[in-house]
Amino acid sequence: MTAFHIRPANGEDARILSDMLVEAANWNASRARPRVAVLEDPTVLRYIAGWKRPGDFGCVAVDSHGSAVGACWARLFPPNAPGSGFVAAGVPEITLGVNPQWRAQGVGRALLQEIARTAAASGAARLSLSVDRRNFAQRLYVSEGYVTVESRLIADTMVRAVR
């Protein structure tokens, strides 16, 4: 396994976050959509549009060659335009994406732990997310303290306290 490290996401990371958003959306390889189709979907695009807005924060996993291999970031959505994992105003919703060849190697867990530290330092009390119940990542979220607060047809909204 190649080593990686985690760094804060910055305003120049929009392309990296776009790449990882596509990875997150295409978690099921048999139902993967082309990059352009993912990023043209307004329900997906809102997770990176205008990055880095006030209140946005995140982290990027980088391999020993300096290439991004994963990212996790948080956004606040208003009640009148909620994200898929919206639970309340003031609760950041996270997105996690990891390159397929780096999955199951600790990258996702390290990113989730770092985003929780960053959220707590920013004053957030909780983080939320939405995950398809068929997505193996749901087990990772549970192991990191996320609990299901709402179940829809195929996806769950999960929340974790961070302080």
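One can find the structure itself at the top, above this paragraph.
Residues numbered from 1 in each chain as written. Predicted model: local features only at pLDDT ≥ 70, side-chain atom pairs only at ≥ 80, totals over all residues. Heavy atoms only, no water.

Peer 1: Can you walk me through the overall build of the protein in this structure?
Peer 2: Each helix and strand in the protein was counted, giving 5 helices and 7 strands. Taken against the 2.2 N^0.38 rule, which gives 15 Å for 163 residues, the C-alpha radius of gyration of the protein at 15 Å falls within 12% of a compact globule. When its C-alpha atoms are laid out on the principal axes, the protein stretches across 40 × 35 × 30 Å. Taken over 163 residues, the protein has a buried fraction of 44%. At a minimum sequence separation of 6, the contacts of the protein that also span at least 24 residues come to 62%. A total accessible area of about 8100 Å² is found for the protein, and carbon and sulfur atoms account for 55% of it. Positive and negative side-chain charges in the protein, numbering 19 and 14 respectively, have mean positions lying 4 Å apart. (Helix = DSSP H or I, 4+ residues; strand = E, 2+ residues; numbered from the N terminus. Rg over C-alpha atoms; globule rule 2.2 N^0.38 Å. Buried < 20%, exposed > 50% of the residue type's maximum accessible area, 1.4 Å probe, protein only. Contact = heavy atoms within 4.5 Å. Areas by Shrake-Rupley, 256 points an atom, 1.4 Å probe, with all protein chains shown as cover. Lys, Arg positive; Asp, Glu negative; His and termini not counted. Charge placed at Lys NZ, Arg CZ, Asp CG, Glu CD.)

Peer 1: So what exactly am I meant to see when it comes to the side chain of D56 here?
Peer 2: You can see D56 is positioned in the loop between α3 (42-45) and β2 (57-63). Its relative accessible area of 6% is what places D56 among the buried residues. One polar contact links the side chain of D56 to the main-chain amide nitrogen of R53, over a distance of 2.7 Å. A polar contact of 2.8 Å, which involves the side chain of D56, links it to the side chain of R75. Those residues in contact with D56 that lie beyond four places of it in its chain are W51, A74 and R75. (Polar contact = N/O pair within 3.5 Å; in protein donor to acceptor, adjacent residues only side chain to side chain.)

Peer 1: Looking at this structure, I do not really get the packing of aromatic side chains. What am I missing?
Peer 2: Aromatic ring pairs: the centre-centre distance and the angle between the two ring planes describe each pair. All chains considered together, the criterion is met by 3 aromatic pairs. Consider the rings of F4 and W102, whose centres lie 6.2 Å apart with planes at 85°: the pair is edge-to-face. Here the residue F4 occupies a position in strand β1 (residues 4-8), and W102 occupies one in the loop between β4 (93-98) and α4 (107-121), the gap between them amounting to 98 residues. Classification of F4 by relative accessible area gives partly exposed; the value is 23%. By relative accessible area, which is 10% here, W102 ends up buried. Both rings, one in Y47 and one in F77, keep their centres 5.2 Å apart while their planes meet at 70°; by these two values the pair is edge-to-face. Within this pair, whereas Y47 is found in the loop between α3 and β2, its partner F77 is found in the loop between β3 (68-75) and β4, the two being separated by 30 residues in sequence. For Y47, a relative accessible area of 7% corresponds to the buried category. (Phe/Tyr/Trp six-rings, centres within 6.5 Å; stacked < 30°, edge-to-face > 60°.)

Peer 1: Would you explain the environment of A49 in this entry?
Peer 2: The residue A49 is located in the loop between α3 and β2 in this model. Residue class for A49 comes out partly exposed when judged on its relative accessible area of 36%.

Peer 1: Teacher, can you tell me more about helix α1 (residues 14-25) here?
Peer 2: Helical geometry note: an α-helix holds 3.6 residues per turn, so side chains three or four residues apart project in the same direction. Look at α1: 16 Å from first C-alpha to last across 12 residues, which is about the 16 Å you get at 1.5 Å a residue. Turning to α1, its buried residues are I16, L17, S18, M20, L21 and V22. (Expected span 1.5 Å × (residues − 1).)

Peer 1: What's the story with the pattern of salt bridges in this structure? I'm lost.
Peer 2: Side chains that differ in charge, positive against negative, can pair when their charged atoms come close. Inspection of every chain in the model, using the stated rule, returns 11 salt bridges. R33 is the salt-bridge partner of D41, the closest N and O atoms lying 3.6 Å from each other. Note on D41: relative accessible area 19%, which makes it buried. A cluster of three or more residues bridged by salt bridges with shared partners is formed by R15, D19 and R35. (Salt bridge = Lys/Arg side-chain N within 4 Å of Asp/Glu carboxyl O.)

Peer 1: Would you explain unusual backbone geometry in this entry?
Peer 2: Residues other than glycine predominantly adopt negative phi, and peptide bonds predominantly adopt the trans conformation. With an omega of 20°, the peptide bond between W51 and K52 qualifies as cis. If you trace the backbone, K52 turns up in the loop between α3 and β2. Residue A104 is not a glycine yet carries a positive backbone phi of 65°.

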